[in-house]
Amino acid sequence: MVTSTLEQLCILYTDLTYEDISRLEEVASTLQLYADMSDSYMFIDCKIKDNDHAIVVAEAFPRNANKIYENSVVGKIVFESFEPGVFYSYKNGKKSIIRQAITQEGKSVDQTVVPIKNNFHQVIGVLIQEKEVLSKMMYDDGYAEADLSIVPARNGEFLASAVGGPPVVSDLLMEMLILTDDKDQLIYTNPVALNFISEMSRTEEVGNAKITELLPFLTPVYDNKEDVFVFDLTIDRKSLVVKKIKLKKKDRGETLLIIQDLTELRMKEKELMMKSVVIQEIHHRVKNNLQTIASLLRLQMRGLPEDSQASFEDTLNRIYSISSVYEIILAKEHADDDDVNIIELTRKICSAMVLNDVSSKVDLIIQPNGNKIITSSRKAVSLAIIVNELVQNSLKHAFDKEGEGEIRIWFTSDRDFLELHISDNGVGMKEPKPSLGTEIVHNLVTNDLNGEFLYVPQEEGTHAVVTFPVSPEVEIFYEKEDINSRR
């Protein structure tokens, strides 16, 4: 079977599954029909793995419409700076509309971007429709009176359209807009750019001056021969991103610069980075302190009678459960991410119990039921202790020393509530007996999780259920496969 171009590009550049690719091929098979019916140019873009760019994987051009694109753009890389609508739909899963985008061929198009989702409501691509619209475009020498509307079109193509009237749009933009002629002399600046040029050049006389004389640090930007060029620049403690776009209009060769001052953003990023380092150091110290406490308890256990050691073991298990939360956080790549996967945490705690009790023949079975549950470290600590107490209770009291059995742990959820179930097939209990463990669970469920804890009657064994509301601190994702973890 011949592999399609779409499939080849998706396999090479994306992390999409074969089911996702099949879904995209279904959409792509209808592109030409919709292109001809609506006289629109149709495209499918997909995010590239391991970076923030996208790639065009499919296209369809209407057969009877005026040409907007002379050549195919399949396989072209799409940058967020040039295609904000594409990345908006990807991040938010919503429709995006950009009115009157202008291509370098001078055609005005309406661009509509719609997210393509798989059966799990994940965005796997975006469908772009571009339709030519009629616009009364003027281009004269009155740049001081012009309104520069900079809007993205396909493949990073930009054009500055000078429309008569007051410069409302460009005046409101925080980006600096600088337009120069083929001799690099200033033709137009918006107010933000004018203030910037005056500040950096220390002169108020900027009219018709050569931009590279006013701002020598822009010389490498103009020396670059590419039509579209992005340049990061640090000058006088300012962090700038300069986008150069060559504009072709009749016999003129203007250059448009779009400059973003990211100084404040970079400073905030440094502050956040410092905070992240401090937070991670705190996590390290908490984890190390917990390990120190555990070591001291083990030293104190030496020489004690066995009946006294049981209480120490319970305390050590609680300490390890809390420590497991910080181990998971510290294993992450991003220092500022303190969210914890509850399924992973439960597996870690149960694995430790299995290793500590090698003589037991009880199986611990964890059933995520397709859930990936992410919560804050604060709630994760409470859930870690709850899982530890309930599983330890079953291991101690549900089975005799020679008997075999199993303990099942699973999670169920709906839009409003999450349930943790821990069930065993042991001897069961007629009435729950008060103990330190059950008191701890009740307090954590009620006070920390704002939920309920109860035992559900069943014919064999014991079934404990913890129910608590889904809050902003708890996110639930549905995975494609259930993965059982068995001792």
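Given the structure is predicted, the values throughout are model-derived calculations rather than measurements.

Cut-offs applied
- Residues numbered from 1 in each chain as written.
- Predicted model: local features only at pLDDT ≥ 70, side-chain atom pairs only at ≥ 80, totals over all residues.
- Heavy atoms only, no water.
- Helix = DSSP H or I, 4+ residues; strand = E, 2+ residues; numbered from the N terminus.
- Buried < 20%, exposed > 50% of the residue type's maximum accessible area, 1.4 Å probe, protein only.
- Patch = residues over 30% accessible without salt bridge, like charges linked within 9 Å, V, L, I, M, F, W, Y side chains within 5 Å.
- Areas by Shrake-Rupley, 256 points an atom, 1.4 Å probe, with all protein chains shown as cover.
- Salt bridge = Lys/Arg side-chain N within 4 Å of Asp/Glu carboxyl O.
- Phe/Tyr/Trp six-rings, centres within 6.5 Å; stacked < 30°, edge-to-face > 60°.
- Lys NZ or Arg CZ within 6 Å of the ring centre and 35° of its normal.
- Lys, Arg positive; Asp, Glu negative; His and termini not counted.
- Contact = heavy atoms within 4.5 Å.
- 1 Å grid on protein atoms, 1.4 Å probe; cavity = no way out; pocket = protein on both sides within 12 Å on 5 of 7 lines; lining within 4 Å.
- Points joined across faces, edges and corners; volume = space filled by probe spheres on them.
- Nonpolar A, V, L, I, M, F, W, Y, C, P; charged D, E, K, R; others polar.
- Disulfide = S-S within 2.5 Å.
- Core = buried A, V, L, I, M, F, W, Y, C linked by side-chain atoms within 4.5 Å.

K.L.:
An account of unusual backbone geometry is requested, with residue identities and associated values reported.
P.N.:
Comment: phi is negative for the bulk of residues other than glycine, and the bulk of peptide bonds are trans. For His121, which is not a glycine, the phi torsion comes out positive at approximately 60 degrees. Looking at the secondary structure, you find His121 in the loop between β5 (108-117) and β6 (123-133). Exposure remark for His121: the relative accessible area of 66% places this residue in the exposed category. Backbone geometry places Asp184, a non-glycine residue, at a positive phi of 65 degrees. Mapping Asp184 onto the fold places it in the loop between β9 (176-180) and β10 (186-189). For Asp184, a relative accessible area of 18% translates into the label buried.

K.L.:
So what about a nonpolar patch on the surface? Which residues, and what values?
P.N.:
A contiguous nonpolar patch, built from Leu12, Tyr13, Ile77 and Phe79 and spanning about 340 Å² of accessible area, is present on the exposed surface. Among the structural elements, Phe79 can be located in the loop between β3 (77-78) and α4 (84-92). The partly exposed category is assigned to Phe79, whose relative accessible area is 37%.

K.L.:
Requested: an account of the pattern of salt bridges, with residues and values cited.
P.N.:
On inspection of all chains with the given rule, the structure shows 10 salt bridges. Between Arg23 and Glu26 there is a salt bridge, with the nearest N and O atoms lying 3.9 Å from each other. Placement of the pair is Arg23 and Glu26 together in helix α2 (residues 18-28), with a separation of 3 residues, close to one helical turn. In this structure Arg23 comes out as partly exposed when scored by relative accessible area, which is 36%.

K.L.:
Break down the packing of aromatic side chains for me, with residues and values.
P.N.:
Counted by the stated rule, this structure contains 4 aromatic pairs. When the centroid spacing of 4.7 Å and the interplanar angle of 50 degrees are considered together, the rings of Tyr41 and Phe61 count as tilted. Here Tyr41, found in strand β1 (residues 40-47), pairs with Phe61, found in the loop between β2 (54-60) and β3; they are 20 residues apart in sequence, far enough to count as distant. Using a relative accessible area of 22% as the deciding quantity, one classes Phe61 as partly exposed. Their ring planes at 65 degrees and their centres at 6.1 Å tell us that Phe43 and Phe61 sit as a pair that is edge-to-face. Of this pair, Phe43 sits in strand β1 while Phe61 sits in the loop between β2 and β3, placing them 18 residues apart in sequence. Its relative accessible area of 0% is what places Phe43 among the buried residues. Among the aromatic residues, those joined into a cluster by ring pairs are Tyr41, Phe43 and Phe61. The ring of Tyr90 carries Lys47 above its face, with NZ or CZ at 5.3 Å from the centroid.

K.L.:
I'd love a proper account of the side chain of Asp184, names of residues and values included.
P.N.:
One buried charged residue, Asp184, remains without a salt bridge, the closest side chain of opposite sign being Lys210 at 4.9 Å. Excluding anything up to four places from it in sequence, Asp184 contacts Ala209, Lys210, Ile211 and Tyr222.

K.L.:
Can you tell me about the layout of surface pockets, naming the residues and giving the values?
P.N.:
Here the second largest pocket defines a volume of roughly 550 Å³. If you trace the second largest pocket, you find 26 residues lining it, with Asn393, Ser394, His397, Ser435 and Thr438 closest to the centre. Counting only elements with at least two residues in the lining of the second largest pocket, the list comes to α10 (306-330), α12 (377-397) and α13 (436-448). When residues of the lining of the second largest pocket are assigned to their parent elements, the largest contribution, 8 residues, is made by α12. Considering only residue class, the lining of the second largest pocket consists of 7 nonpolar, 11 polar and 8 charged.

K.L.:
Help me get a handle on the state of the cysteines, residues and values and all.
P.N.:
Tallying each qualifying case throughout the model produces 0 disulfides. Here Cys10 is not disulfide-linked; the sulfur of Cys46 is the nearest cysteine sulfur, at 4.3 Å. Judged by relative accessible area, which is 0%, Cys10 ranks as buried.

K.L.:
Would you mind going over the nonpolar core in detail, with residue names and values included?
P.N.:
Taken as a class, soluble globular proteins show a tendency for nonpolar side chains to be buried jointly. Of all hydrophobic cores here, the largest spans 50 residues; its most connected members are Val325, Leu345, Ile386, Leu390, Val391, Leu420 and Val466. Among the elements that line this core, the one with the most residues is α12, at 10 residues. If you look at the next biggest cluster of nonpolar residues, it comprises 34 residues, including Leu16, Ala35, Tyr41 and Ile55.

Take it as geometry only, folks, not as evidence of what the structure does.
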